[in-house]
Amino acid sequence: MDSKMENNISHPVRVLVVGAGGFAGGFIVEEALRRGYEVWAGVRSTTSRQYLADPRIHFVVFDFEDPSGLAGAMSAALPEGERWDWIVYNLGATKCLRFSDFSRINCDYLQNFLDALKNAGKEPARLLYISSLSAMGPGRKGSYEPFTEEMIPQPNTRYGASKLKAEMLLHMSGVPFIIFRATGLYGPRDKDYFLMFESIAKGADFSVGFTRQSLTFLYIEDLARAIYDALEKAPAGETYIVSEDASYTQAEFRRLAAQAVGRRFVFPVRVPLWGLKAVCAVAEKIGAAKGKPSTLNSDKYNIMAQRNWNADVSKARRDFGFNPRISLAEGIGRSVKWYKENGWLH
């Protein structure tokens, strides 16, 4: 597509990706470059730039603890009177040592950023915020009814609550926004789903609970494409659920992963919910003692115990033509290929 848009932008579109150094951030930057946009990567001083090596990328270093410094960094990045046309806000924490850190990182940092935009005079034409399906909560008990945007969010995790609070900050900000409530994101470079592939490659697949679980996924490149399709076409002030338009059981995921890693037999290990709860409690205490956030914790327990992750993406399809290209089978194959080529899987 031509980088000069029809929506009153006469110059090549300027995009700032905040949280560009994370798993999703690198792909979001790459898709913007592919479309011919001028791209700024918003990173912290400690952020790895391993996947941000393209010489066309401009960098902005942000200290989210320093509101005045944020505004200064924005002013230094672009001349006075100029702004980014679009901002993709991808910064956030999915696991924290202290639960108060969810609010600090996912909410306070966003508020500081929004305030800095106004103080620097850099409010964009659109800001797209990457939220989470966890902001919706567990859904209706005993039902596998898909989540829709019309349902009232009732988050049952501190992570989900922090993402919902961040959404509310956007509603009050005055900045034109679009919100994506994304389901489980996976793909090359991801470390969370990699642990599952690694376990399956070793011959064991761990799942929790004995009631059917309906899982949804979205390949990371499909998310990146959807972000810019929405910024180009969707109206401001809208929230969208984004997911592959299909759901899977744990057994189906195991079969696809085993095929991709070349494992003929994988032993399924089912952990009862009470057992998972105990493991998460112990892991959380060990993490606190070591001063490092644990992947398994009481917040993660609620996420893993949830049975229904079905998602209705009809609104996104209607408003900006959302149509994920990569099925779970193909996405797992691509991910495992990358893990093997880069020495993560042997």
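For the structure itself, consult the block above.
Because the structure is predicted, anything quoted here is derived from the model rather than measured.

Reading guide: rules and limits
Residues numbered from 1 in each chain as written. Predicted model: local features only at pLDDT ≥ 70, side-chain atom pairs only at ≥ 80, totals over all residues. Heavy atoms only, no water. Helix = DSSP H or I, 4+ residues; strand = E, 2+ residues; numbered from the N terminus. Contact = heavy atoms within 4.5 Å. Phe/Tyr/Trp six-rings, centres within 6.5 Å; stacked < 30°, edge-to-face > 60°. Buried < 20%, exposed > 50% of the residue type's maximum accessible area, 1.4 Å probe, protein only. Axes fitted to C-alpha atoms, helices over the stretch in contact; angles between N-to-C directions. Parallel < 35°, antiparallel > 145°, perpendicular 65-115°, else oblique. Left-handed = near helix turned anticlockwise from the far one by under 90°. Nonpolar A, V, L, I, M, F, W, Y, C, P; charged D, E, K, R; others polar. Core = buried A, V, L, I, M, F, W, Y, C linked by side-chain atoms within 4.5 Å. Expected span 1.5 Å × (residues − 1). Arc of directions from axis to C-beta. Pairing = 2+ DSSP bridges. Right-handed = clockwise from strand over helix to strand, strands pointing away. Salt bridge = Lys/Arg side-chain N within 4 Å of Asp/Glu carboxyl O.

Q: Explain the side chain of Ser-207 here, please?
A: Note that Ser-207 resides in strand β8 (residues 204-208). When near neighbours in sequence (up to four residues on either side) are disregarded, Ser-207 contacts Gln-250, Val-269, Arg-270 and Val-271.

Q: What exactly am I supposed to notice about the packing of aromatic side chains here?
A: A ring pair, where both rings are aromatic, is described by two values, the distance of the centres and the angle of the planes. Under the definition given, this model contains 28 aromatic pairs. Geometrically, the ring pair formed by Phe-180 and Phe-320 is stacked, given 5.8 Å between the ring centres and 20° between the ring planes. Taken as a pair, Phe-180 in strand β6 (residues 177-182) and Phe-320 in helix α10 (residues 314-320) lie far apart in primary sequence, 140 residues in all. Each of the two residues, Phe-180 as well as Phe-320, counts as buried. Measuring from ring centre to ring centre gives 6.1 Å for Tyr-186 and Phe-217, while their planes differ by 85°; the resulting arrangement is edge-to-face. With a gap of 31 residues between them, Tyr-186 in strand β7 (residues 184-186) and Phe-217 in strand β9 (residues 217-219) connect regions that are remote in the sequence. Relative accessible area serves as the criterion here: at 2%, Tyr-186 is assigned to the buried category. One aromatic cluster in this structure is built from Tyr-51, Tyr-186, Tyr-193, Phe-194, Phe-197, Phe-217, Tyr-219, Tyr-248, Phe-253, Trp-338, Tyr-339 and Trp-344.

Q: Is there a simple way to think about the packing of helix α8 (residues 273-290) against helix α9 (residues 298-305) in this case?
A: Two numbers describe a pair of packed helices, the interaxial angle and the distance between the axes. Running from N to C, α8 and α9 cross one another at 155°; their axes reach a closest spacing of 8 Å. In terms of orientation, α8 and α9 fall into the roughly antiparallel class. For the element pair α8 and α9, the recorded crossing hand is right-handed. Side by side, α8 and α9 meet where Leu-273, Leu-276, Lys-277, Cys-280 and Glu-284 of the first sit next to Ser-298, Tyr-301, Met-304 and Ala-305 of the second. Counted by class, the contact of α8 with α9 contains six nonpolar, one polar and two charged residues.

Q: Would you take a moment to explain the nonpolar core for this structure?
A: Generally speaking, soluble globular proteins have nonpolar side chains that are buried together. Counting 66 residues, the largest nonpolar core has Phe-62, Tyr-89, Phe-113 and Leu-127 as its most contacted members. With 10 residues, helix α3 (residues 100-120) is the largest single contributor of residues to this core. Setting aside anything within four residues of it in sequence, one finds Phe-113 in contact with Leu-16, Val-18, Phe-62, Phe-64, Leu-70, Met-74, Ile-87, Tyr-89 and Leu-127. By size, the runner-up hydrophobic cluster in this structure holds 39 residues, among which are Val-15, Ile-28, Leu-128 and Ala-230.

Q: What am I meant to see in helix α11 (residues 328-341) here?
A: Every α-helix carries 3.6 residues per turn, so stepping three or four residues along brings you back to the same face. In this model α11 runs 20 Å from its N-terminal to its C-terminal C-alpha over 14 residues, within 8% of the 20 Å that 1.5 Å per residue would give. Looking at α11, one finds that the buried residues are Leu-328, Gly-331, Ile-332, Ser-335, Val-336, Trp-338 and Tyr-339. Axial view of α11: buried residues confined to an arc of 160°, hence all on one face. For α11, the secondary structure elements touched by its buried residues are β7, α5 (192-201), β9 and α7 (250-261). Positive phi shows up at Gly-343, right after α11, with a value of about 80°.

Q: Just to check I follow, could you spell out the environment of Tyr-339 for this structure?
A: Considering the arrangement of structural elements, one finds Tyr-339 in helix α11. Given the relative accessible area of 0%, Tyr-339 is considered buried. Separated by 119 residues in the primary sequence, Tyr-339 and Ile-220 have C-alpha atoms spaced 15 Å apart. The contact partners of Tyr-339, leaving out residues within four places of it in the chain, are Gly-187, Arg-189, Asp-190, Phe-194, Phe-197, Trp-344 and Leu-345.

Q: Looking at this model, I keep getting lost on the pairing of strand β1 (residues 14-18). Mind explaining?
A: In the case of a regular strand, side chains alternate between the two sheet surfaces. Among the five residues in β1, five count as buried, and that is most of the element. A two-sided burial pattern is seen for β1, the buried positions comprising Arg-14, Leu-16 and Val-18 on one face and Val-15 and Val-17 on the other. Inspection of the sheet shows β1 paired to strand β2 (residues 38-43) by five bridges, in the parallel sense. Across the sheet, the residue bridging to Val-17 is Ala-41, located in β2. Once the chain exits β1 it traverses helix α1 (residues 23-34) before rejoining the sheet at β2, and the crossover so formed is right-handed. In this structure, β1 lies alongside strand β4 (residues 86-89), joined through four bridges in parallel fashion. Residue pairing across strands places Val-18 opposite Tyr-89, the latter belonging to β4.

Q: How should the sheet that holds β1 be read in this particular structure?
A: Consider a sheet: its strands pair through backbone hydrogen bonds, and that pairing is either parallel or antiparallel. Sheet architecture is open: seven strands sit in the order β3-β2-β1-β4-β5-β6-β10, paired in parallel fashion. Whereas interior strands pair on both sides, the edge strands pair on one side only; in this sheet they are β3 (58-61) and β10 (238-242). Going from strand to strand, the sheet's axes swing by 20° on average, the running direction of each strand aside. Bridging between β2 and β3 involves four bridges; their strand directions are parallel. Bridged to Gly-42 within β3 is Val-60. Helix α4 (residues 158-173) rests against β5 (126-132) and β6 of the sheet, and its axis sits at about 160° to β5.

Q: What is the right way to look at the pattern of salt bridges in this model?
A: Pairing is possible between side chains that carry opposite charge, provided their charged atoms lie close to one another. Within the structure shown, the criterion is met by 19 salt bridges. The closest approach of N and O atoms between Arg-35 and Glu-232, which form a salt bridge, is 3.1 Å. With Arg-35 in the loop between α1 and β2 and Glu-232 in helix α6 (residues 220-233), this residue pair connects regions lying 197 residues apart in the sequence. The class for Glu-232 is buried, based on a relative accessible area of 17%. Arg-56 is the salt-bridge partner of Asp-54, the closest N and O atoms lying 2.9 Å from each other. Judged by relative accessible area, which is 26%, Asp-54 ranks as partly exposed. Judged by its relative accessible area of 49%, Arg-56 falls in the partly exposed class.

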